[in-house]
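Structural characterization, general
Chain residues, written in single-letter form:
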Amino acid sequence: MRKYFLLSAVALMVATNVNAESYVQGSITAEARLVSATGLDCSDLNFGTIVTKANRTQVSRVITDLDTNEFTGDIIDVINPGYGAYCQIDGSDATPSFETQRIMLYHESGSGYVNLKIETGADYYLRGELSIPQTAPDGLYTGTVTVVATY
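In short, a report on the structure. Just so we're clear, the structure is a prediction, and the values are computed from it rather than from any experiment. Numbers given for residues are sequential positions, taken from 1 along each chain in its written order. Given that the model is predicted, a residue must reach a pLDDT of at least 70 before its local features are reported, and side-chain atom pairs must reach 80 or more before they are shown or counted; all residues, however, enter totals for whole chains, interfaces and linings. With hydrogens and water set aside, each side-chain value is computed from the structure's full complement of heavy atoms.

Turning to the state of the cysteines, a few remarks are in order. Cysteine sulfur atoms are paired as a disulfide whenever they fall within 2.5 Å. Enumeration over the complete set of coordinates arrives at 1 disulfide. Here C42 pairs with C87 through a disulfide, and the sulfurs are 2.1 Å apart. The sign of the 115° torsion about the S-S bond sets the C42-C87 disulfide as right-handed. Of this pair, C42 sits in strand β1 (residues 40–42) while C87 sits in strand β6 (residues 85–89), placing them 45 residues apart in sequence. Helix numbering and strand numbering both begin at the N terminus, where a helix is a DSSP run of H or I of at least 4 residues and a strand a DSSP run of E of at least 2.

Structure, rendered in structure tokens:
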């Protein structure tokens, strides 16, 4: 009987040790570095007046950069095209590199939109690509975006 009692006691001790938790502690170091952004002066990104077919059947695109003004889809012509947005870093002649951004430009009445993709272009220019859905109504589309550049 003593044998079974001792075995039971040992079994209980082993079983309770299995469920025991161990705790540890330590420390970490957290670090953050803040920097102030330098000023960036950019001209407007103007795609000009885009002339399209009356009954558009596909998404159309206009691309503008330093020496480029291309269009595809149901676009017939681009009148007074722009050539990208020229950007200069305050107090520096370094060439900026921009983060790619995508925004929507909204119709003046709020009834439609077009998609704009902005990215690094040639030299000091921002390259813009405008995607025009076939359902976009005629009119003026505008929007504002904060651009971030590294140099």
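With that settled, consider the side chain of H107. Of note, H107 is situated in strand β8 (residues 101–107). Here's how the labels work: a residue is buried when its accessible area is under 20% of the maximum for its type, exposed when over 50%, partly exposed in between, all with a 1.4 Å probe on protein chains only. Here H107 falls in the buried class, since its relative accessible area comes to 9%. Definition of a polar contact: a pair of N or O atoms within 3.5 Å, with one able to donate and the other able to accept a hydrogen when the atoms are protein atoms, and with sequence-neighbouring residues admitted only if both atoms are side-chain atoms. Polar contacts involving the side chain of H107 include one to the side chain of S109, which spans 2.8 Å. Within the structure, H107 has its side chain in polar contact with the backbone oxygen of D138 (distance 2.7 Å). By definition, residues are in contact when any of their heavy atoms lie within 4.5 Å. The residues touching H107, leaving out its near neighbours within four places in the chain, are G112, P137, D138, G139, L140 and Y141.

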